[in-house]
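Chain residues, written in single-letter form:
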Amino acid sequence: MKRLAFSLSATLALTTSVWADNSDLLIIGNSDPGMFQRLTGTADFESIETAFEDRGAEVSLSTRADGDAMRDAFRGFANGLDATTSDIGVLLTGRFVSTIAGTYLLPDGMDAPTLAEVLTDGFPLDTVYAVAAEYPGQALIVLGEVDGEGDVPDGLSATVPLNDIPQGVTVAIGPAGDAARFVSRLSMATGEDVLPLARAEGLSLTGFVPRTLPLFVGTDVTLPQITPDVPNDRSVEDAAAWDRAVAADTEAGYDTYLAAFPEGRFAGEARQRLATIRSEPFYREKQVEADLALSRDARREIQRDLSLLGYNTRGIDGIFGRGTRGAVTAWQTANGLTASGYLGADQIARLDAQAERRAAELEEEARQRQAQLERQDRTFWSETGAQGDEAGFRAYLKRFPDGIYAEDAQDRLEAIEDQRRAQAEGEDRRRWQIARETDTEAGYRAYLAERPNGAFVEEARARIDYFANNSEQIALQDRAQSDEAALGLNAAARRLAEARLADLGLKPGAVDGTFDEDARRAIRRYQDARKLRVSGYLDQATVVRLMADTILR
């Protein structure tokens with residue numbers, strides 16, 4: 001599905017005829033709807049909505065939006081993206097304010113924002129970047145700026161830094177009116193190349209700017225191309241000078257172009273690229289990484305390598321945000337490299353080699369620790385559970401709840417409990433069953449209070465002891481369960497994890513993608529041997545190690 005988002009926080013509206021029948025459109029209009037009518041002749045936002053729907057598009061419209069409305073509208077758009085989505089476009093126009101945490105589009109009517117208001121009510125540009133990063137080479141973001149009436153306090157800036165544009169994402173930026181006219185012209189084109197239309201309106205282009213960018217090409221309509229001007233000698237010289245500037249891609253190259261063509265066809269873009277180069281101290285390194293055209297999977301692999309080496313990327317999602325850039329910078333510093341935050345091919349190869357070597361070292365450490373734990377396990381069993389009595393089984397499980405003989409000890413205790421249950425009188429059995437079903441410290445204490453000489457006193461005391469000595473572990477379980485759910489593992493990934501645990505002899509049970517108690521016990525054993533957080537649930541650190549171990553098989 002082709003999905004197009006146009007978010008208008010100033011005065012605009014738009015029409016289009018170039019998207020296929022399954023296009024989606026999001027419009028967020030946050031100020032005077034009449035301005036767009038004056039700029040383009042379009043009646044109002046509702047008319048725009050109707051025009052898109054008449055062409056088969058699904059339209060989500062929100063005007064004069066506050067913070068919640070902006071987020072709700074964008075959430076609906078983002079949730080609609082699926083495997084059939086091809087191109088996406090986002091137009092944000094209005095007042096932008098930047099903080100150390102990123103750039104935000106202000107809601108309607110916020111003229112003198114405080115930092116708290118920006119952070120809580122503004123719409124973060126990073127949210128748009130995260131979605132656009134999913135579609136490298138097929139994502140267009142248009143930022144239309146309007147001047148604010150109120151001053152911004154210290155700690156805020158009215159500029160829009162463009163240092164964090166994801167790879168493969170094209171950004172066009174300029175005044176809101178120019179952005180409005182660009183979108184209006186775009187709606188009348190066939191969609192073969194959107195860049196000439198942006199340049200014609202004086203918008204600056206940055207991020208991924210190829211020679212041509214064919215987006216939003218319709219399959220159900222045929223509309224006339226915008227007729228280009230007949231080239232003259234001056235325009236030919238302009239284009240040739242621009243080609244030379246782009247080929248050099250340096251500050252001097254763009255300065256030379258502007259000196260010759262200060263009002264040239266590409267002047268706006270040249271000034272934007274100069275601003276980017278001057279604001280980005282590692283512009284050349286950034287371009288080197290961009291030229292690699294790293295796939296999403298390649299980026300995930302880099303994030304896994306960094307995580308394996310102890311550098312926190314704040315997620316393994318294939319999106320290089322602040323967390324990943326910080327991890328890359330830290331790795332470069334540790335290796336005596338220029339700390340740019342961007343990677344070249346040689347550095348990626350070096351990083352991968354280090355990660356593979358570290359994975360081997362960690363696995364050897366895990367094998368040694370596992371062997372030591374198993375020796376201690378067997379020795380303790382010989383002095384406790386191997387004696388065949390209840391006290392020995394309980395002592396063993398208290399020390400090694402996931403040990404080599406844990407299943408055997410648990411089975412033997414359950415058999416003892418079944419025997420007692422059969423022999424116990426009816427009221428005792430009933431009270432014990434209530435305690436077992438609630439399985440809380442309070443429930444077991446209630447049983448002991450009522451049945452101090454009951455048949456299940458030892459079992460009750462053992463459970464009370466467990467709750468008393470494992471409060472942190474119990475609290476950890478809830479957090480760990482949420483962490484695993486956040487990973488979004490599908491059945492195939494779960495089966496892969498179980499298969500790896502089985503290869504390591506950790507007895508996860510059936511390799512079926514269902515994490516039952518056997519699988520949870522195997523995960524805990526794996527985590528314990530590698531000094532990871534022992535929870536029985538998969539988290540990012542555990543998955544990174546499991547995947548590294550798989551490579552070493």
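Located above this text is the structure these notes cover.
Remember, it's a predicted structure, so these values are computed and weren't measured experimentally. Just so you know, the residues in each chain are numbered from 1, in the order the chain's sequence is written. Under the rules for a predicted model, residues below a pLDDT of 70 receive no local features and side-chain atom pairs below 80 are neither given nor counted, while totals for whole chains, interfaces and linings still include all residues. Side-chain metrics rest on all non-hydrogen atoms present in the structure, leaving aside hydrogens and water.

### Overview of the overall build of the chain
Moving on, step 1. Only runs of H or I of at least four residues qualify as helices and only runs of E of at least two qualify as strands under DSSP, and these elements are numbered from the N terminus. Within the chain one finds 23 helices and ten strands.
Moving on, step 2. In the chain, buried positions account for 47% of the 553 residues.
Moving on, step 3. Throughout, a residue-residue contact means that at least one pair of heavy atoms, one from each residue, lies within 4.5 Å. Residue pairs in contact within the chain that sit at least 24 positions apart in sequence constitute 60% of those at least 6 positions apart.
Moving on, step 4. For the accessible areas, the method is Shrake-Rupley and the probe is 1.4 Å, while residue cover comes only from the protein chains on display. Carbon and sulfur atoms form 50% of the exposed surface of the chain, whose accessible area is close to 26,100 Å². Think of it in three bands: with a 1.4 Å probe and only protein chains considered, a residue is buried below 20% of the maximum accessible area for its type, exposed above 50%, and partly exposed in between.

### Section: the sheet that holds strand 7 (residues 123–124)
Moving on, step 1. One open sheet accounts for three strands, arranged 5-6-7; its pairing is antiparallel. This sheet does not close on itself; its edge strands, each paired only once, are strand 5 (96–99) and strand 7.
Moving on, step 2. Following DSSP output, two strands are said to pair if at least two bridges run between them. Direction of pairing for strand 5 relative to strand 6 (residues 102–105): antiparallel, over a ladder of four bridges. Residue pairing for strand 6: Ser 98 is matched across the bridge by Thr 103.

### Quick notes on the nonpolar core
Moving on, step 1. Side-chain atoms within 4.5 Å link the members of a nonpolar core, which is a set of buried Ala, Val, Leu, Ile, Met, Phe, Trp, Tyr and Cys residues. Core analysis: the largest hydrophobic core is formed by 29 residues, its most contacted members being Leu 92, Val 128, Ile 141, Leu 143, Leu 162 and Val 171.
Moving on, step 2. Contributions of two or more residues to this core are made by strand 2 (24–29), helix 3 (67–79), strand 4 (88–94), helix 5 (125–132), strand 8 (139–145) and strand 9 (169–175).

### Examining the environment of Ala 290
Moving on, step 1. Here Ala 290 lies in helix 11 (residues 283–291).
Moving on, step 2. The sequence separation of Ala 290 and Gly 344 amounts to 54 residues, and the corresponding C-alpha distance is 9.1 Å.

### Remarks on the packing of helix 12 (residues 296–308) against helix 13 (residues 322–334)
Moving on, step 1. Fitted lines through C-alpha atoms serve as axes, helices being fitted only where they are in contact, and the angles separating the N-to-C directions of these axes extend from 0 to 180 degrees. Viewed as axis vectors pointing N to C, helix 12 and helix 13 meet at an angle of 55°, and their least axial separation amounts to 10 Å. By the angle between their axes, helix 12 is oblique relative to helix 13. Taken as a pair, helix 12 and helix 13 cross one another with a handedness that is left-handed. Residues Arg 299, Gln 303 and Leu 306 of helix 12 lie in contact with helix 13, whose contacting residues are Thr 324, Arg 325, Ala 327, Val 328 and Trp 331.
Moving on, step 2. The residue inventory of the contact of helix 12 with helix 13, partitioned by class, reads four nonpolar, two polar and two charged. What sets the label is the angle itself: under 35 degrees gives roughly parallel, over 145 gives roughly antiparallel, 65 to 115 gives roughly perpendicular, and the rest give oblique. Crossing handedness: left-handed means the near helix sits turned counterclockwise from the far one by under a right angle, and right-handed means the same turn made clockwise. Three categories are distinguished: nonpolar for Ala, Val, Leu, Ile, Met, Phe, Trp, Tyr, Cys and Pro, charged for Asp, Glu, Lys and Arg, and polar for the others, with Gly belonging to the last.

### Overview of the pattern of salt bridges
Working definition: two side chains of opposite charge can pair if their charged atoms are close together.
Moving on, step 1. The salt bridge definition used is simple: a Lys or Arg side-chain nitrogen within 4 Å of an Asp or Glu carboxyl oxygen. Using the criterion set out here, one finds 34 salt bridges in the structure.
Moving on, step 2. A salt bridge links Arg 521 to Asp 402; its shortest N-O distance comes to 3.5 Å. Taken together, the residues span a long stretch of sequence, with Arg 521 in helix 22 (residues 517–529) and Asp 402 in the loop between helix 15 (390–399) and helix 16 (406–423) at a distance of 119 residues.
Moving on, step 3. Exposure remark for Arg 521: the relative accessible area of 11% places this residue in the buried category.
Moving on, step 4. By relative accessible area, Asp 402 is classed as buried at 18%.
Moving on, step 5. A salt bridge links Glu 484 to Arg 494, with the nearest nitrogen and oxygen atoms 3.7 Å apart. Taken together, the residues Glu 484 in helix 20 (residues 471–487) and Arg 494 in helix 21 (residues 491–503) connect sequence positions ten residues apart.
Moving on, step 6. Classification of Arg 494 by relative accessible area gives partly exposed; the value is 22%.
Moving on, step 7. Via salt bridges that share partners, Asp 402, Glu 407, Glu 517, Arg 521, Arg 524 and Arg 525 belong to a single interconnected network.

### Notes on helix 19 (residues 457–469)
Moving on, step 1. The span you would expect from a helix comes to 1.5 Å times its residue count less one. The first and last C-alpha atoms of helix 19 sit 18 Å apart over 13 residues, in line with the 18 Å expected at 1.5 Å per residue.
Moving on, step 2. If you check which residues of helix 19 are buried, you get Val 457, Glu 459, Ala 460, Ile 464 and Phe 467. Down the axis of helix 19, the buried set is contained in an arc of 165°. They therefore lie on one face. Directions pointing from the helix axis toward each C-beta atom define the arc.

### Details of the side chain of Glu 484
Moving on, step 1. According to the relative accessible area criterion, Glu 484 is buried, its value standing at 5%.
Moving on, step 2. Contacts described as polar in this section are N or O atom pairs within 3.5 Å, which, within protein, must combine one atom able to donate a hydrogen with one able to accept it, while residues neighboring in sequence count only if both atoms come from side chains. Looking at Glu 484, its side chain comes within polar contact range of the side chain of Arg 520, at 2.8 Å.
Moving on, step 3. What Glu 484 contacts, discounting residues up to four positions off in sequence, is Arg 494, Phe 515, Arg 520, Tyr 537 and Leu 538.

### Some remarks on the packing of helix 9 (residues 251–260) against helix 10 (residues 267–279)
Moving on, step 1. Relative orientation of the contacting elements helix 9 and helix 10 amounts to 150°, with a least axis distance of 9 Å. Relative to helix 10, helix 9 is oriented roughly antiparallel. Crossing handedness for the pair helix 9 and helix 10: left-handed. Within the contact between the two elements, helix 9 uses Glu 251, Tyr 254, Asp 255, Tyr 257 and Leu 258 and helix 10 uses Ala 267, Ala 270, Arg 271, Arg 273, Leu 274, Ile 277 and Arg 278.
Moving on, step 2. Among the residues making up the contact of helix 9 with helix 10, the classes are represented as seven nonpolar, no polar and five charged.

### A closer look at the environment of Arg 445
Moving on, step 1. The topology assignment puts Arg 445 in helix 18 (residues 441–450).
Moving on, step 2. Here Arg 445 falls in the partly exposed class, since its relative accessible area comes to 46%.

### Some thoughts on the packing of aromatic side chains
Moving on, step 1. Each Phe, Tyr or Trp ring (for Trp, its six-membered ring) is paired with any other whose centre lies within 6.5 Å, and the angle between the two planes then decides the class: stacked below 30 degrees, edge-to-face above 60, tilted in between. Under the criterion given, the structure shown has 19 aromatic pairs.
Moving on, step 2. With a centroid separation of 5.1 Å and an interplanar angle of 5°, the aromatic rings of Trp 432 and Phe 456 are classed as stacked. With a gap of 24 residues between them, Trp 432 in helix 17 (residues 426–438) and Phe 456 in the loop between helix 18 and helix 19 connect regions that are remote in the sequence.
Moving on, step 3. The buried category is assigned to Phe 456, whose relative accessible area is 0%.
Moving on, step 4. Each residue in the set Phe 380, Trp 381, Phe 393, Tyr 396, Phe 400 and Tyr 405 is aromatic and connected to the rest through ring pairs, giving one cluster.
Moving on, step 5. Note that Arg 299 overlies the ring of Phe 320, its terminal NZ or CZ placed 4.4 Å from the centroid. Only when the NZ of Lys or the CZ of Arg is both within 6 Å of the ring centre and within 35 degrees of the ring normal is a charge said to sit over the ring.

Interpretation in functional terms is not warranted from these geometric data alone.
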